[in-house]
Amino acid sequence: MGKTIRQLSEELKLSKQGINQRINSINGFRSKHTYKVKNHLEIDNQGVKMLANFDKQKRQERQPNRQAENDKDKNIDQILLKQLDVKDQQISKLQKSLDQQQQLQLTTLAENRQLKNHIQELSDLLESSSLTQKRQATKKNDNLSNRENPSNIKDKDDKQDKNYVADIDEKQKKIHKNKTNKSWWHFWT
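Presented here is an overview of the structure given in this document.

What counts, and where the lines are drawn
- Along each chain, residues carry numbers from 1 onward, in the same order as the chain's sequence is written.
- Predicted model: local features are reported for residues with pLDDT of at least 70 only, side-chain atom pairs are reported and counted for 80 or more only, and whole-chain, interface and lining totals are derived from all residues.
- Each side-chain value is worked out from all heavy atoms of the structure, with water and hydrogens disregarded.
- In short, DSSP must find at least two bridges between two strands for them to pair.
- Only DSSP runs of H or I covering at least 4 residues are called helices, and only runs of E covering at least 2 are called strands; the numbering of each starts at the N terminus.
- Any Lys or Arg side-chain nitrogen found within 4 Å of a carboxyl oxygen on Asp or Glu counts as a salt bridge.
- Each residue is placed in one exposure class: buried if its accessible area under a 1.4 Å probe, protein chains only, is under 20% of its type's maximum, exposed if it is over 50%, and partly exposed if it falls in between.
- Note that the arc is defined by the directions from the helix axis to the C-beta atoms.
- Only four residue types enter the charge count, namely Lys and Arg as positive and Asp and Glu as negative; His and the chain termini do not.
- Side-chain atoms alone can form a polar contact between residues adjacent in sequence; in general such a contact is a pair of N or O atoms within 3.5 Å, and within protein one must be able to donate a hydrogen while the other accepts it.
- The contact definition used throughout considers only heavy atoms, calling two residues in contact when any of these lie within 4.5 Å.
- Axis definition: a line fitted to C-alpha atoms, over the contacting stretch in the case of helices. Angles run 0 to 180 degrees between N-to-C directions.
- Any angle that is under 35 degrees is reported as roughly parallel, and any over 145 degrees as roughly antiparallel; angles of 65 to 115 degrees are reported as roughly perpendicular and all others as oblique.
- Three classes are used, and their members are as follows: Ala, Val, Leu, Ile, Met, Phe, Trp, Tyr, Cys and Pro are nonpolar, Asp, Glu, Lys and Arg are charged, and the others, Gly among them, are polar.
- Residues belong to one nonpolar core when they are buried, are Ala, Val, Leu, Ile, Met, Phe, Trp, Tyr or Cys, and are joined through side-chain atoms within 4.5 Å.
- Two distance rules govern patches: like charges are joined within 9 Å, and nonpolar side chains (Val, Leu, Ile, Met, Phe, Trp, Tyr) within 5 Å, applied only to residues with over 30% relative accessible area and no salt bridge.
- A 1.4 Å probe and the Shrake-Rupley method give the accessible areas. Residues count as covered only by the protein chains that appear here.
- For the purpose of locating charges, the reference atoms are NZ of Lys, CZ of Arg, CG of Asp and CD of Glu.

### With respect to the pairing of strand 2 (residues 34-37)
Sheet analysis places strand 2 next to strand 3 (residues 40-43), joined by four bridges and oriented antiparallel. By the bridge assignment for strand 3, Lys36 is matched with Leu41. Taking the residues between adjacent antiparallel strands as the criterion, strand 2 and strand 3 are bridged by two residues, where Lys38 takes a positive phi near 50 degrees.

Structure (structure tokens):
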């Protein structure tokens, strides 16, 4: 024998509306488990059990959903962990490349400094050798001029005198040309 909604609400300690909500939430419940007796609705024994175990059923229905959600979360976590591993490997490779680049740059700077020092040493050596050569040349000239005899000096003086006379002649010719040019222009002005 079945129970009415009122009896069932007192037994389950729920309101009539709560019982009606449970009945409406189960598909096909009214057609399968309810029947009308006089002016009230009665629920058969199987329906009473279903309504009494409604919370358990809902939990069980939710539990597979939760299980599926947990499985999805686990899968997402695994995917994210794999991605993190890949990113960590990429970061370590980039860090190694950066370290190598910095070491290469430091060795290049050290080599540049060595080359600059070497160039400076070579230029210092060149300057000192050129100074030494100049000193030796002046010493040779001094030695040669001291060793010259008076006849060589006289020949040199004669040559210098001839050059001086030739220079004076040229200057006079230029002056004469300038005067003639000026005088010619003088007539036209």
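### Concerning the pattern of salt bridges
The full count for this structure, using the stated rule, is two salt bridges. One salt bridge in this structure joins Glu11 and Lys3, with 2.2 Å as the shortest N-O distance. By relative accessible area, Glu11 is classed as partly exposed at 43%. Put simply, Glu10 and Arg6 hold a salt bridge, and the shortest N to O gap is 3.9 Å. Of this pair, Glu10 and Arg6 both sit in helix 1 (residues 5-12), four residues apart, which is roughly one turn of that helix. With respect to burial, Glu10 and Arg6 carry one shared label: exposed.

### Observations concerning the sheet that holds strand 1 (residues 3-4)
Strand order in the open sheet formed by three strands is 1-3-2, and the pairing between neighbours is antiparallel. Each edge of the sheet is formed by a strand with only one pairing partner; in this case those strands are strand 1 and strand 2.

### What to know about helix 4 (residues 45-52)
For helix 4, the full list of buried residues reads Gly47, Val48 and Leu51. For helix 4, the buried positions fall inside an angular range of 105 degrees around the axis, keeping them on one side. In helix 4, the exposed residues that point more than 90 degrees away from the buried face are Gln46 and Lys49.

### Regarding the side chain of Glu42
Residue position: Glu42 is located in strand 3. Buried within the structure, Glu42 lacks any salt-bridge partner; Lys38 is the closest side chain of opposite charge, at an N-O distance of 8.8 Å. Looking at Glu42, its side chain comes within polar contact range of the side chain of His40, at 3.2 Å. Apart from the residues lying within four places of it in its own chain, the contact partners of Glu42 are Gly2, Lys3, Thr4, His33, Thr34, Tyr35 and Val37.

### Details of the side chain of Arg22
Within the element layout of this structure, Arg22 appears in helix 2 (residues 16-25). Accessibility expressed as a relative area gives 10% for Arg22, which makes it buried. Of note is the side chain of Arg22, whose polar atom sits 2.9 Å from the backbone oxygen of Leu51.

### Digging into the packing of helix 1 against helix 2
The geometry of helix 1 relative to helix 2 is characterised by a closest axis approach of 9 Å and an angle of 105 degrees between their N-to-C directions. One element, helix 1, and the other, helix 2, form an angle in the roughly perpendicular class. Contacts between helix 1 and helix 2 involve Ile5, Arg6, Leu8, Ser9 and Leu12 from the former and Lys16, Ile19, Asn20, Arg22 and Ile23 from the latter. Looking at the contact of helix 1 with helix 2, its residues break down into five nonpolar, two polar and three charged.

### Description of the nonpolar core
With ten residues, the main nonpolar core is built from Ile5, Leu8, Ile19, Ile23, Ile26, Phe29, Ile43, Val48, Leu51 and Phe54. Where this core is concerned, the elements lending two or more residues are helix 1, helix 2 and helix 4. Filtering out sequence-adjacent residues up to four positions away, Ile5 remains in contact with Lys16, Ile19, Asn20, Ile23, Leu41 and Ile43.

### Concerning the pairing of strand 3
As defined by bridge partners, strand 1 adjoins strand 3 across two bridges and the pair is classed as antiparallel. The partner of Lys3 across the bridge, within strand 3, is Ile43.

### Some details on a negative patch on the surface
Residues Glu69, Asp71, Asp73 and Asp77 make up a contiguous surface patch of negative charge. With respect to the element layout, Glu69 can be found in helix 5 (residues 54-147).

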